[in-house]
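# Survey of secondary and tertiary structure
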2 protein chains.
Amino acid sequence: MDVSEALRSRRSTRAFEPDGLLLGREVLEDLIFEATRAPSEFNLQPWRFLVVRDRERKQALYDCCFKQEKIRQASALIVVCGDTRGWERADKAAEELIETGYFDPGPAAQPGQQSIQSAQSDARALAERIKNTYLRDERARIAMAYRNPALVAMNLMLVATERGIASCPIAGFSEPQLRRAFEIPDRFVPVVIIALGMPSLAMGRQPVKPRRPLFEVVYHEDMASW
Amino acid sequence: MDVSEALRSRRSTRAFEPDGLLLGREVLEDLIFEATRAPSEFNLQPWRFLVVRDRERKQALYDCCFKQEKIRQASALIVVCGDTRGWERADKAAEELIETGYFDPGPAAQPGQQSIQSAQSDARALAERIKNTYLRDERARIAMAYRNPALVAMNLMLVATERGIASCPIAGFSEPQLRRAFEIPDRFVPVVIIALGMPSLAMGRQPVKPRRPLFEVVYHEDMASW
């Protein structure tokens, strides 16, 4: 299914057929793996995914989401989380970035051992730079924890659409309640919950919600005209 | 192009062929419109897009982004922003949600005028609920401003890929500098910059950066095992 078609046919499904799809662990993990082809800052991949399929756990999630019925109806749910300490993986990420050539380590003085040493010192320097970006800047850590997982969440919905699985993104939840019920550590931030399943058979095809006209949201060259 | 193929073939292009593509205003606005088919919380669509094509404005953006050469090379750039005051559109959004049936106004006592009045009072109640979600909760406003535009940013990259346009997401910028140079009002938060263009001809096909194995990022039913 074309990207454009997936974008046009996706709906935020407001009612699911209870247990309408059998979504096994492998199907869901494959969905997640495809979605994590999203880019991330410094390739830190500061995200986690909590898969909920068990009936009692769905009930617990329902209680955390102001009792939205679609939570209990969905075949499975994925709680997409961000990692405010994603920068702690900087050493590994820096090595991978140098290896795949995303940060040019510059010309080596001599080929062979020399250039490997150079790559290693470049990776160390890059890792330091990554850490310094987040270490003293809480806003940078929060931005990291929200924007990267959201990229994956969009992919999750598009890949699901392509595979005939309906979805609904849910941002209405009590964060403290969710943390308690699902033992989510402080370092992780729940960003959005993606409900997956089959649309309710009783519900007709949902209309597309109106989008704002471009002149309301697009600026050219600067925002002075705002 | 299939969603899966777009996800697999997308690269964070690290060098562009200077002015390699002619990306006109209409092409870019159409790209943005397709991408805004992303869902948003309460359909508030709390996002703005600043399109940069002018050579001097690219130079200014380059200065805001720690002098990353790809900024000057790109054919166009889209600064994707979030709106921390997106909830101010709650009245309009609530009306649209009731009209398109996303929030069931419940059975009307009588058909006709009665049910229209009911829908109107339901819209008012929903608008109040939306406002209360954000009014006293700064974290909710920040989450809104980062996660919704990030969904659109992912779509931008996928639609671009489908249309043969290479892209690179850039999160490395000085926010204060960006605000000053492009007159971005306080209420808007720059989330990510998407550079668009043709990959550098001198650069070979870029490798895919490694992704973390699933066992590092996926949990089932709760995070107690973390």
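Our subject is the structure listed above.
First, a word on scope: everything that follows refers to the structure included in this document. Just so you know, these numbers come straight off a predicted model, no measurement behind them.

All names here are of chain A. Those residues of helix H8 (residues 175-182) not exposed but buried are Leu178, Arg179 and Phe182. Buried positions in H8, seen along its axis, are confined to an arc of 100 degrees and lie on one side of it. For H8, the secondary structure elements touched by its buried residues are strand E1 (47-52), helix H3 (55-64), strand E2 (76-83) and strand E4 (188-197). N-capping of H8 is provided by Ser174, with a side-chain oxygen placed 3.2 Å from the backbone N of Gln177. At the C-terminal side of H8, Glu183 shows a positive phi close to 50 degrees.

Residue-level contacts link 83 residues of chain A with 83 residues of chain B. Buried surface at the junction of chain A and chain B, summed over both partners, amounts to about 8,200 Å²; 59% is from carbon and sulfur atoms. For the interface between chain A and chain B, the tally reads 2 salt bridges. Arg8 of chain B is the salt-bridge partner of Glu34 of chain A, the closest N and O atoms lying 2.7 Å from each other. Counting across the chain A and chain B interface gives 54 residue pairs in polar contact (both at pLDDT 80 or more). Taken together, the elements giving at least two residues each to the side of chain A that touches chain B come down to helix H1 (3-9), helix H2 (25-35), E1, helix H5 (90-99), helix H7 (138-162), E4, helix H9 (214-217) and strand E5 (218-220) of chain A. Here the element with the most residues in the side of chain A that touches chain B is H7 of chain A; it accounts for 14 residues. Split by residue class, the side of chain A that touches chain B holds 46 nonpolar, 10 polar and 27 charged.

Another aspect to go through is the relation of the copies chain A and chain B. Aligned on chain B, chain A shows an RMSD of 0.0 Å; the corresponding rotation is 180 degrees and the shift along the axis is 0.0 Å. Such a turn and shift between the copies fits a two-fold axis. When the interface residues of chain A are mapped onto chain B, 100% of them are again interface residues, pointing to one common binding face.

Here the focus is the side chain of Lys70 of chain B. Residue and element names in this part refer to chain B. Here Lys70 shows up in helix H4 (residues 69-73). Of the side chains with opposite charge, Glu69 comes closest to the buried, unpaired Lys70, at an N-O distance of 10 Å. For Lys70, the residues in contact, after removing those within four places along its chain, are Thr13, Arg14, Phe16, Cys168 and Ile170.

Calculation criteria
- Here, residues in each chain are numbered from 1, in the same order as that chain's written sequence.
- As a convention, the first chain written is A and the first ligand written is 1, with the rest following in written order.
- Totals for whole chains, interfaces and linings use all residues, but because this is a predicted model, local features are given only for residues with pLDDT of at least 70 and pairs of side-chain atoms are given and counted only at 80 or more.
- Side-chain calculation: all heavy atoms of the structure are included, whereas hydrogens and water are not.
- We call a residue buried when its accessible area falls under 20% of the maximum for its residue type, exposed when it is over 50%, and partly exposed in between, using a 1.4 Å probe and counting protein chains only.
- Each helix is a run of DSSP H or I of at least 4 residues and each strand a run of E of at least 2, with the numbering of both proceeding from the N terminus.
- Working note: the arc is built from the helix axis to C-beta atom directions.
- Working rule for contacts: check all heavy atoms of both residues, and any pair within 4.5 Å makes them a contact.
- Nitrogen and oxygen atoms within 3.5 Å of one another constitute a polar contact, given that in protein one can donate a hydrogen and the other can accept it, and given that sequence-neighbouring residues count only through two side-chain atoms.
- Buried area, as used here, totals the accessible surface that two parts lose on assembly, with accessibility defined by a 1.4 Å probe and the loss added over both.
- Only one rule defines a salt bridge in this text: a Lys or Arg side-chain nitrogen within 4 Å of an Asp or Glu carboxyl oxygen.
- Throughout this entry, Asp, Glu, Lys and Arg are counted as charged residues, while Ala, Val, Leu, Ile, Met, Phe, Trp, Tyr, Cys and Pro are counted as nonpolar. The remaining residues, Gly among them, count as polar.
- Fitting of the copies onto one another was done by least squares over C-alpha atoms, counting residues only where both copies have pLDDT of at least 70.
- By the counting scheme adopted, Arg and Lys are positive, Glu and Asp are negative, and His together with the chain ends is not counted.

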